[in-house]
Amino acid sequence: MDYMQIYNQWCSDPYFDEETRQELKAIASDNAEIEDRFYRRLEFGTGGLRGVIGAGTNRMNIYTVRQATQGLANYIVSQRGQQKGVAIAYDSRRMSPEFADEAALCLNANGIKTYRFESLRPTPELSFAVRHLGCIAGIVITASHNPREYNGYKVYWEDGAQITPPHDKNILAEVAKVTEFAQVKTMDKQAAQNQGLYETIGSEIDDLYMEQLKQQSIHPELIQKAAEDIKIVYTPLHGTGNLPVRRVLKELGFTNVYVVKEQELPDGAFPTVAYPNPEDEKAWTLALALAKEVDADIVLATDPDADRLGVYAKDVKTGEYVSFTGNMSGMLIAEYMLREKTATGTMPKNPALVETIVTTDMAKAIAADYGAALIEVLTGFKYIGEQIKLFEQQDSHHYVFGLEESYGCLAGTYARDKDACVAVMMLCEVAAYYKLQGKTLWDAMLDMYEKYGYYKEGLATLTLKGIDGAKQIQDMMSSARSNPPKTLGGYEVLAVRDYKEDIRKDLKSGETAPTGLPSSNVLYYELENNAWCCIRPSGTEPKIKYYFGVKGTSLEDAADKLEGLKNDMLKSEES
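Below, the structure is looked at part by part. Please read these numbers as outputs of a predicted model, since none were measured by experiment.

**Section: the layout of surface pockets**
What the second largest pocket holds in volume is close to 340 Å³. Around the second largest pocket sit 17 residues that line it, and Ile6, Gln9, Thr179, Glu180 and Phe181 are the ones nearest its centre. No other element matches the three residues that helix 1 (residues 3-12) contributes to the lining of the second largest pocket. Its residues placed into classes, the lining of the second largest pocket shows nine nonpolar, four polar and four charged.

**So, the packing of aromatic side chains**
Evaluated as defined, the whole model comprises 21 aromatic pairs. Ring pairs connect the aromatic residues Tyr7, Trp10, Tyr15, Phe16, Phe38, Tyr63 and Phe181, which therefore count as one cluster.

**Observations regarding helix 1**
Note on helix geometry: an α-helix contains 3.6 residues per turn, so any two residues three or four positions apart are oriented the same way. Within helix 1 the residues assigned to the buried category are Ile6, Tyr7, Trp10 and Cys11. Taken end-on, helix 1 shows its buried residues confined to a sector of 140 degrees, consistent with a single buried face. As for helix 1, its buried residues are in contact with helix 2 (18-25), helix 3 (31-38) and helix 4 (62-78). The N-capping residue of helix 1, defined by a side-chain oxygen 3.2 Å from the backbone nitrogen of Met4, is Asp2.

**Digging into the pattern of salt bridges**
One pass over the full model with this rule turns up 44 salt bridges. Between Arg308 and Asp303 there is a salt bridge, with the nearest N and O atoms lying 3.9 Å from each other. Residue class for Asp303 comes out buried when judged on its relative accessible area of 0%. Each member of the salt-bridge network shares a partner with another, and the members are Glu23, Glu33, Asp36, Arg37 and Arg59.

**Details of unusual backbone geometry**
Working note: non-glycine residues mostly have negative phi, and peptide bonds are mostly trans. Note that the residue after Pro165, namely Pro166, is joined by a cis bond; omega there is 0 degrees. One non-glycine residue, Asp395, lies in the positive phi region at around 50 degrees. By the secondary structure assignment, Asp395 is in the loop between helix 15 (381-394) and strand 14 (398-404). Residue classification places Asp395 among the exposed residues on the basis of a relative accessible area of 53%. The phi torsion at Asn530 lies on the positive side, around 65 degrees, for a residue other than glycine.

**Description of the packing of helix 4 against helix 5 (residues 96-109)**
For the pair helix 4 and helix 5, interaxial distance at closest approach is 9 Å and the crossing angle is 35 degrees. Crossing hand, helix 4 versus helix 5: right-handed. Mapping the contact onto sequence places Ile62, Val65, Arg66, Thr69, Gln70, Ala73 and Ile76 in helix 4 and Phe99, Glu102, Ala103, Cys106 and Leu107 in helix 5.

**A few points about the nonpolar core**
In this structure, Leu300, Phe324, Phe401, Leu441 and Tyr525 are the most contacted members of the largest nonpolar core, which totals 129 residues. Among the elements that line this core, the one with the most residues is helix 16 (residues 420-435), at 14 residues. Apart from the residues within four sequence positions on either side, Phe324 is in contact with Val311, Ala313, Ser329, Leu332, Tyr407, Leu441, Trp442 and Met445. Counting residues in each nonpolar core, the second largest holds 50 residues, with Ile34, Val65, Val86 and Ala104 among its members.

**Some details on the environment of Leu107**
With respect to the helices and strands, the residue Leu107 is situated in helix 5. Taking the C-alpha atoms as reference, Leu107 lies 31 Å from Cys409; in sequence the two are 302 residues apart.

**Observations concerning the sheet that holds strand 4 (residues 137-141)**
Within a sheet, adjacent strands bond to each other through the backbone by hydrogen bonds, running parallel or antiparallel. Pairing is mixed in the open sheet, where six strands are placed in the order 1-5-4-2-3-6. On the outer flanks of this sheet lie strand 1 (48-52) and strand 6 (198-201), each paired with one strand and no other. Neighbouring strand axes in the sheet, compared pairwise and without regard to direction, differ in orientation by 15 degrees on average. As judged from the three bridges shared by strand 2 (residues 86-90) and strand 3 (residues 114-117), these two strands associate in the parallel manner. Note that in strand 3 the partner of Ala87 across the bridge is Tyr115.

**Details of the sheet that holds strand 15 (residues 408-411)**
Strands sit in the order 13-12-14-15 across an open sheet of four strands; the sheet is mixed. With one partner strand each, in any of the chains shown, strand 13 (373-377) and strand 15 form the two edges of the open sheet. Neighbour-to-neighbour, the strand axes of this sheet turn through a mean angle of 20 degrees, independent of strand direction. Note that strand 14 and strand 15 share four bridges and pair antiparallel. Bridge assignment links Gly402 to a residue of strand 15, and that residue is Leu410. The strands that helix 13 (residues 326-343) touches are strand 12 (351-356), strand 14 and strand 15; relative to strand 14, the one it contacts most, it runs at about 165 degrees. With respect to the sheet, helix 14 (residues 362-369) is in contact with strand 12 and strand 13, its orientation differing from that of strand 13 by roughly 155 degrees.

**Looking at the pairing of strand 9 (residues 298-302)**
For strand 9, the tally of buried residues reaches five of five residues, placing the bulk of the element in the interior. By the bridge criterion, four bridges tie strand 7 (residues 232-235) to strand 9 in an arrangement that is parallel. From the neighbouring strand, Thr235 faces strand 9, where its bridge partner is Ala301. Hairpin connection, strand 9 to strand 10 (residues 309-315): the antiparallel pair is bridged by six residues, and Ala306 has positive phi, about 55 degrees.

Definitions and limits used
- Residues numbered from 1 in each chain as written.
- Predicted model: local features only at pLDDT ≥ 70, side-chain atom pairs only at ≥ 80, totals over all residues.
- Heavy atoms only, no water.
- 1 Å grid on protein atoms, 1.4 Å probe; cavity = no way out; pocket = protein on both sides within 12 Å on 5 of 7 lines; lining within 4 Å.
- Points joined across faces, edges and corners; volume = space filled by probe spheres on them.
- Helix = DSSP H or I, 4+ residues; strand = E, 2+ residues; numbered from the N terminus.
- Nonpolar A, V, L, I, M, F, W, Y, C, P; charged D, E, K, R; others polar.
- Phe/Tyr/Trp six-rings, centres within 6.5 Å; stacked < 30°, edge-to-face > 60°.
- Buried < 20%, exposed > 50% of the residue type's maximum accessible area, 1.4 Å probe, protein only.
- Arc of directions from axis to C-beta.
- Contact = heavy atoms within 4.5 Å.
- Polar contact = N/O pair within 3.5 Å; in protein donor to acceptor, adjacent residues only side chain to side chain.
- Salt bridge = Lys/Arg side-chain N within 4 Å of Asp/Glu carboxyl O.
- Axes fitted to C-alpha atoms, helices over the stretch in contact; angles between N-to-C directions.
- Left-handed = near helix turned anticlockwise from the far one by under 90°.
- Core = buried A, V, L, I, M, F, W, Y, C linked by side-chain atoms within 4.5 Å.
- Pairing = 2+ DSSP bridges.

Shown next, in the form of structure tokens:
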């Protein structure tokens, strides 16, 4: 059927609820809108679903959630995992509780037990719960930091990480087989509860999760000494971080924590921000105003599902607050952990830092300084989580810390996904450590630049929506793949890594070698003088992303080099 036939079916079939049918009838005269809603099924990618909330096959709604869950259920049954069950969490977005229930009841109808959180919870707590409860899988209903009109559905496997090979491809295949809604099972909630298939979880998991967070602290005694002198401003951006972040800071002893009242309570409309993303400077207006009012040392924001952390810290010389990238805050935590674990004799044997290929190269310098292995993985924290599992299976390394440039990191192995709650806790401990030395986090960052080099990274994105946009993105990747540049931003291109073809080509010698990582539609340019560029389509949004990194001799030099590289890279893509 073409998109119009599918649209007419949704408008008339009593399988779809009256509200859905009325929503669709209201757009009867808008052919472009009908096409966008029905030209395809909402894509179930390697992490799950993500899309605009609304009626249609290309939207997030109870029907597309059920359809995806039926495919997951079929795979779980094939793995004989019904009795292990599935943990389910959700965030503050519109329809999140409803989607969580629909997923649970579909699984229940397939004989699979579910453990659904009683109310919204951070994504990393779901990762922890999967492992603690011994589940075969986990689901989080969230669109992370996307705009308010979005929601999503992320799938985890029994190791607590988002699905990786072979499970991701196998689940995708099962979801693709569910082509008719008649194939989808569901059941009454009360009946599922009576049969012991639907179980509600809550505070007991919270308490265990909280203990795991606090166990990552290296110097709780330093917190006690400095806690009263540190002023922390925090905003959960209307998401799930409010209760766990405030609880862990309080239990560790921090007393001066100021929460942005206007953004304290969960609200899927995100009324104070257009884009609930700590990477967006516009999301910080209220937090920075409060920081200036109370003279805060650090300002922190977590995204709606509390897996990403944004940071500002005060520069006492100017009195202004300096924005920290995910690379910067991650490096502060990484160096603190490696240094203090070494100093206290608690560093495990064969320690490892894990980062994605688009994360700062400063991590390599820090790892080398402390004798830790530096493991690079593809973009996506699930690959960092996978490394923890592989380390344990192979007894090869001991995970110390992992990070990605997009404001995500994880200290410890209690979870297998990025955790902004533990990042807040660790960064506040780092701030306490430096406060006792008369330094701010910005002072500490400058010290790191002096020691390791002035590394600086950037990101540019191009949004291309709809059918034409998707084709444009693929055409741009194909063009870049077939016409690699010889220079970028004044830097010679030394080698090109094509992760889709699993080839690294040295442009001087012409020699090729495998990349050593799974196939992914990513191009990476190794440049002279510790510079690099990377291009990839977003896995969750209609965007193509450009990443850049340089090493300068000062903050100004690094900024100039990065700007030149960025401009040249984008110009070469346009031509």
